[in-house]
Amino acid sequence: MDKMGKLLSKIINRNNLGKKINEVIDKDYLYSIEKTIENLTENIENKKKLYRTERSKLNIYQHPFLISKYFCLYLLETFREIGRFILSHLIAISLIIFLVIGGIYFVETNVDHEILHLIRSMFIWYGYWIMLGILSSIGLGTGLHTFVIFLGPHIAEVTTAAYTCGNLNFKVYGEGSFICSGEPLSHPISILSIYSKIKMPVFLWGLGTAIGELPPYFVSRAAALTGQNTLDISKFENVNEDSSFTDKVQVFLFRLLKKMGFIGILLFASFPNPLFDIAGILCGHFLVPFGTFFGATFIGKALIKNTIQSFILITVFSETVINYLLSLISGYPTLYDFVKNAIDEQTRKFKEPSVDKVEENGSGIITVVWNAFITIMVAYFVLSIIESLAISEFVKIKEKELSKIVNESKKNLNIKGPDKKVITELTDAAYSYINSRLKNLDKMASIESLKSEVNKHKALSKEQNKNNKANKSKKSKVPFKK
């Protein structure tokens, strides 16, 4: 065993095969098997390096046709999986469909249409905000920023309508929304009363953002439970002067989560944080309980962060602040007239609902610019999702190729001789270890970082072996009692 290479020595120590290996008769055959495994490992590492290089260059702007190819393969595989699932659960799915159709028919024929319309509109309205929240945080950094595009403008519109109408007697969705009704209040409208008008959309959007953080957590947790701990933790543990600002923030986040747990997750969920996906991945990797992770995320995003953002936005669009900002730009007539006309036009919409809609839609450069901005953001989000799914399919295909190479190598071993049982046990452990290392084609990972992680384990095992030898030598020097 002393002549064994580092890889097989590590596998032997991990699987407690040292005693059995020492009893092997045909050592030369054992070393030839070891050479085969080492060559396979080197081949796999070279291919992984090549695949990582290919992946780092793979994006929709430089390789649109290649991304389209892998995206179509992803869709094809997804449809196959859906088809297999439907066929394997055909009776249960048919029963669910039958119950849903029957329930809809019963409700449509027995419930009052006005009540039904109210329930349906509320369901669509509140579901709309939950979905926007999910879209805002899902996708590992490629989420659609729906607060800026949808929720923020909605809060600004409600705030402007409240100050224009002088009361809160107006609908915020459906037919006749944002039309002033009733007499203005005798007292000024407070920020808290305006928040009460938008609290449900804000809360549900925050709930959606918390739900959108779950996929990275579940994926990382599932990998940890199945032994596929491919996350390179070493890159989060150390930071130096050459590290980028993002790397330093990641290291800080990692240390805070390790020390503070629930409170750490809560703190990082309580302010706009584009790196929060890392928190979900780390919590899943270290098997943080679901209740702890989602509870802290929900409180931070749905209750704390959203409330703070909403009050800031209501304050910014309040009548006092708007008038103050107008006074600041009063010395610039062109800019002042542009902003004042935009505000007056918005105010006129609240007070004069009978204004010709075609004329409204045709006028106003702000509307055109805003619609173009939304279109660009949505298009970017769609392209990012396509690219992300295509890359995931690329990684899956390359992992299958590596797995095929490993399986063919194992099949071609053809182990024989008097030590067949022991060598088979060793090769099974070796190939199992190699297979466990296949699923680490992460874009951020590198061969050097993976080697450094393995070297740490090797150093620890060497120290343990040295300590064991030292203890044995001490015991051997103790004289026997006569």
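The sections below set out a description of the structure shown in this document. (Residues numbered from 1 in each chain as written. Predicted model: local features only at pLDDT ≥ 70, side-chain atom pairs only at ≥ 80, totals over all residues. Heavy atoms only, no water.)

1. Describing the overall build of the protein
Each helix and strand counted, the protein has 20 helices and zero strands in total. Relative to its 482 residues, the protein shows a buried fraction of 35%. Intrachain contacts of the protein at a sequence separation of at least 6 include 74% that bridge at least 24 residues. With the model as given, the accessible surface of the protein reaches about 29500 Å², and the carbon-plus-sulfur share is 63%. (Helix = DSSP H or I, 4+ residues; strand = E, 2+ residues; numbered from the N terminus. Buried < 20%, exposed > 50% of the residue type's maximum accessible area, 1.4 Å probe, protein only. Contact = heavy atoms within 4.5 Å. Areas by Shrake-Rupley, 256 points an atom, 1.4 Å probe, with all protein chains shown as cover.)

2. Considering the pattern of salt bridges
For the structure on display, the rule yields six salt bridges. Among the ionic contacts, a cluster of salt bridges with common partners joins E77, R80 and R84. (Salt bridge = Lys/Arg side-chain N within 4 Å of Asp/Glu carboxyl O.)

3. Examining a nonpolar patch on the surface
A surface patch of nonpolar side chains, amounting to about 850 Å² of accessible area, comprises M260, F262, I263, L267, I299, L303, I304, I308, I312, V316 and F317. For the nonpolar patch, the elements supplying multiple residues, two or more each, are α12 (262–269) and α14 (290–316). It is α14 that provides the largest number of residues to the nonpolar patch, a total of six residues. With respect to the helices and strands, I304 occurs in helix α14. Of the residues examined, I304 reaches a relative accessible area of 31% and is grouped as partly exposed. (Patch = residues over 30% accessible without salt bridge, like charges linked within 9 Å, V, L, I, M, F, W, Y side chains within 5 Å.)

4. Re unusual backbone geometry
With a phi close to 55°, F178 is a non-glycine residue in the positive phi region. Checked against the element boundaries, F178 lands in the loop between α7 (146–165) and α8 (191–212). A relative accessible area of 10% means that F178 is categorised as buried.

5. A look at the nonpolar core
The biggest cluster of nonpolar side chains holds 22 residues, and the ones touching the most others in it are W129, L151, I155, V158, F170 and I198. Per element, the largest residue contribution to this core is seven residues, and it comes from α7. With residues up to four places along the chain from it excluded, the contact list for F170 reads V158, A161, A162, C165, F178, I179 and K197. Of all hydrophobic cores here, the second largest spans 20 residues; its members include A210, L253, F276 and A296. (Core = buried A, V, L, I, M, F, W, Y, C linked by side-chain atoms within 4.5 Å.)

6. A look at the state of the cysteines
In this structure the tally under the stated criterion is one disulfide. Note that C165 is cross-linked by a disulfide to C180, the S-S spacing being 1.8 Å. Across the S-S bond linking C165 and C180, the dihedral sits near -75°, which makes this disulfide left-handed. With C165 in helix α7 and C180 in the loop between α7 and α8, the pair connects residues that are 15 residues apart, well separated along the chain. Of the residues examined, C165 reaches a relative accessible area of 5% and is grouped as buried. (Disulfide = S-S within 2.5 Å.)

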